[in-house]
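Here are the chains, one letter per residue:
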Amino acid sequence: MENTACTSNDEDIIREEHLPNGDVYVGKFHGPVPHGFGKYTWSDGAIYEGEWDLSRITGKGQIVWQSGAVYEGEVVGGFLEGSGTLKGVDGSIYDGSWHMSKYYGMGMKTYPNSDVYEGNWKEGLQEGVGKYTWSNGTTYVGNWKRGKMSGKGVMQWKNGDLYNGYWHNGLMHGIGYYRYNDGIVYVGTWSKGLKDGQGILYPAESKIPCDPLFSELFGYTNSCPSVNFKGLCPEKIVFLILTLVRLCRRSPRISNGNVSVIEGGYALPQEGCNTASSSSGSKTDTENERDMVYEREYMQGVLIMERPRYWDELKAMSVKNRKKNLWRKQVKGPGETIYKGHKSYFLMLNLQLGIRYTVGKITPVPLREVRSSDFGPRARIRMYFPHEGTQYTPPHHSINFFWKDYCPMVFRNLREMFKIDAADYMMSICGGDSLKELSSPGKSGSIFYLSQDERFVIKTLKKTEVKVLLKMLPKYYVHVGAYENTLITKFFGLHRITLKSGRKVRFVVMGNMFRTELRIHRRYDLKGSTQGRFTKKENIKETTTLKDLDLTYVFYVEKSWREALFRQISLDCMFLESQSIIDYSMLLGIHFRAPEHLRSHLDQDTEPLESENPAACNSSDSVNPDEIFRQKGFLLVAHEPGSVSSAPGSHIRGSMVRASEAGDEEVDLVLPGTGRLRVQLGVNMPARACLKDQDITAVSNEDDTYKVYDVVLYLGIIDILQEYNVKKKIEHCVKSLKYDPLSISAVEPSLYAKRFMSFLEKVFPEQ
């Protein structure tokens, strides 16, 4: 090194040093190392001028890179840390907090296109509460996650439209309130940016306040959302509050504009708008209650149903029932999250403690083939869990209980068979999140619980059902091992909790066949019987599980897929018949796609945001045009494992189906806005839904008189734990005296299987 200027004080030396790699330092030293204020010039032209701490770049300073970017602020150990301002070569400016050279904490960034974001950051991305202002005047104030609008938030477009509700991945997703600039208000649900599901439209002339239930769900005061300001400095809290107030200052009551609108390709009926001149004066409360509103249902932005209703009719419905039946399950998915004080809270804690103990105990055991002893009466794990803990169990905050785990090695192997990682299994069920309780769709009285990530369903069982499952378990294990595409319910654990009072609760853990990125618009439980197999119309909601006589559609799938489907159903029915099982059903989930001839009428709620917006852009999968195949209205592409966006779960084990259009190759289903999905037997299966009396060969995409939809199907055989025992034989005899013996559910197993197959062949007819 070459030393030039220096002082006589060893503790405060200023000199210039040239390093062998071409770097140069000019400044103060403390002994042999830089300390204090100095300037460091790298050989590539980058410059740091500022404070040093014993050879480390630490303190306040300025960095100028060779590219022209400039940072001025705090630095620790060579990293941008603390507060500082970065001016990029593209004209962007960030002023705020840093951590490890990434945006972290409160900060404001001005983008090259003049967009501005002010709010919380984490790891260089927007995270938490923040405000984004586009250069055209559009603003968003609300929650962010990983750089995308996610959670509760308010967006106001430059044309005056305002959306106040839930977001996910940069798109409107969940329940929301949309106010058009002409005064019309729609309260409903969105899915990936499009209206999808049920809602209520309030015409502009209406004086009715927006649904108070919506305000209750969001914690509104004068239609402003409650946003978490934890961790923000007082100045930022005031800023965000003022912004929210400004965006939501207008009353949630709808304006008096006399407007006619077109939504989803359908004209809003003028007679339902209750138009009135402004000179007529304000309406009385009685007149308001007779105002017309519109119950609507959308399918990916297309209006498929509209029913005019008087406000007083809707008002007559209790808020409690409406929350239960319409909104509550649509905010954060199905089910009610179990909270402290909930009737199932301690039961949930006990279940999570037991599963965590069982899986932790069995996982270290080397994986091996199951033996006959693994199925026997001695194949149990029993343990007592006092709240203070023992040598083998941890202390906990629940009530004391006894735990029994049935056939742990068998169910461990079943989880391995379906590629379910032990850690993922425990985190899904026993992680920091609570389970969700579902209402039972059947008459069994069973209670269903759903893991927060919706991968697993936990069902309470009767003692007789546990006995049936244990009895069939050896053959069940062989069957699901031999047929990877089996449609039969996947079981992953069987447990029992005994409380001090003597009450015993038995659980089985199953795979959730509706674990999908797509919205399930209709659910059907199909047995093939007709007696009592319908649902009263007044009880039908979007989440209602319908029955055989409610099904008005048939479904057309590719010929090879249909053959594979019924080959597997036949094998599964043969197995169930061999175990004397009846009362099972085909659970069918249907995701409707907007019909092709209505695509041009998609409801455009908002103007597209500029592509420069880093928060709103969503990259789509690139697809090779040479690998595109058409399955009616669907787009199929050659399968690429790395490109598939399937949700992890029990479905991952089955083999993929092959399409004739693709030369009998495995294919993925491409859905705009969703991604690529692997197509398996009973999972992500594209089909065409047609009314039963229609001829599919006569249907034209341009013909509005036919109701034909592209659909994605999910199906599986459920409720397989009912034997044809003495009780069922008596039920058959009694009901046969009153009804047609072939129409009732309780028939002997071979007849049940034949009727089941015959019914499904009508549901999935040949083309």
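Here's a quick rundown of the structure.

Conventions adopted
- Residues numbered from 1 in each chain as written.
- Predicted model: local features only at pLDDT ≥ 70, side-chain atom pairs only at ≥ 80, totals over all residues.
- Heavy atoms only, no water.
- Helix = DSSP H or I, 4+ residues; strand = E, 2+ residues; numbered from the N terminus.
- Buried < 20%, exposed > 50% of the residue type's maximum accessible area, 1.4 Å probe, protein only.
- Areas by Shrake-Rupley, 256 points an atom, 1.4 Å probe, with all protein chains shown as cover.
- Pairing = 2+ DSSP bridges.
- Contact = heavy atoms within 4.5 Å.
- Axes fitted to C-alpha atoms, helices over the stretch in contact; angles between N-to-C directions.
- Core = buried A, V, L, I, M, F, W, Y, C linked by side-chain atoms within 4.5 Å.
- Patch = residues over 30% accessible without salt bridge, like charges linked within 9 Å, V, L, I, M, F, W, Y side chains within 5 Å.
- Salt bridge = Lys/Arg side-chain N within 4 Å of Asp/Glu carboxyl O.
- Polar contact = N/O pair within 3.5 Å; in protein donor to acceptor, adjacent residues only side chain to side chain.

1. Topic: the overall build of the chain
A count of helical and extended segments in the chain gives 12 helices and 43 strands. By residue count, 51% of the 767 residues in the chain fall in the buried class. As displayed, the chain offers around 35,800 Å² of accessible surface, 53% of which is attributable to carbon and sulfur atoms.

2. Thoughts on the sheet that holds strand β33 (residues 553-556)
Read across the sheet, six strands follow the order β32-β31-β35-β42-β41-β33 without closing on themselves; strand pairing throughout is mixed. Each edge of the sheet is formed by a strand with only one pairing partner; in this case those strands are β32 (545-546) and β33. Sheet topology note: the β33/strand β41 (residues 685-691) ladder contains four bridges and is antiparallel. Directly across from V554, in β41, lies its bridge partner C690. Strands in contact with helix α10 (residues 559-578) are β35 (585-592), β41 and β42 (708-718); relative to β42, the strand with the most contacts, it is inclined by about 20°.

3. Digging into the nonpolar core
Ranked by size, the top nonpolar core spans 122 residues in total, and within it Y476, F555, I569, Y584, L713 and I720 carry the most contacts. The contact partners of I569, leaving out residues within four places of it in the chain, are L487, M586, F756, M757 and L760. With 39 residues, the next largest nonpolar core counts Y25, Y132, I184 and Y186 among its residues.

4. Comments concerning the environment of L681
Looking at the element boundaries, L681 is found in the loop between β40 (675-678) and β41. Classification of L681 by relative accessible area gives buried; the value is 9%. In this structure the C-alpha to C-alpha distance between L681 and L565, which are 116 residues apart in sequence, comes to 6.5 Å. Contact partners of L681, with chain neighbours within four places excluded, come to N485, L487, W561, A564, L565, Q568, S655 and V657.

5. Notes on unusual backbone geometry
At R146, a position not held by glycine, the phi torsion is positive, near 50°. Note on placement: R146 falls in the loop between β13 (139-145) and β14 (148-156). If you check the backbone angles, N684 has positive phi at about 55° while not being a glycine.

6. Description of a nonpolar patch on the surface
Together, V726, I730 and V734 make up an exposed nonpolar region whose accessible area comes to about 290 Å². Topologically, I730 is positioned in helix α11 (residues 726-736).

7. Some remarks on the sheet that holds strand β28 (residues 456-461)
Strand order in this open sheet of eight strands is β23-β26-β27-β28-β30-β29-β25-β24, and the pairing throughout is antiparallel. The open sheet has two edge strands, β23 (336-337) and β24 (380-385), and neither has a second partner. The pairing of β28 with strand β30 (residues 504-511) spans six bridges and is classified as antiparallel. Bridge assignment links T460 to a residue of β30, and that residue is F507. Against the sheet, helix α9 (residues 463-482) contacts β24, β25 (401-406), β28, β29 (491-499) and β30, and its axis sits at roughly 150° relative to β29.

8. Things to note about the side chain of Q579
Here Q579 is to be found in the loop between α10 and β34 (581-582). Within the structure, the side chain of Q579 is placed 3.4 Å from the side chain of S578, a separation counted as a polar contact. Excluding anything up to four places from it in sequence, Q579 contacts M472, K475 and E723.

Purely geometric numbers; function is a separate question.
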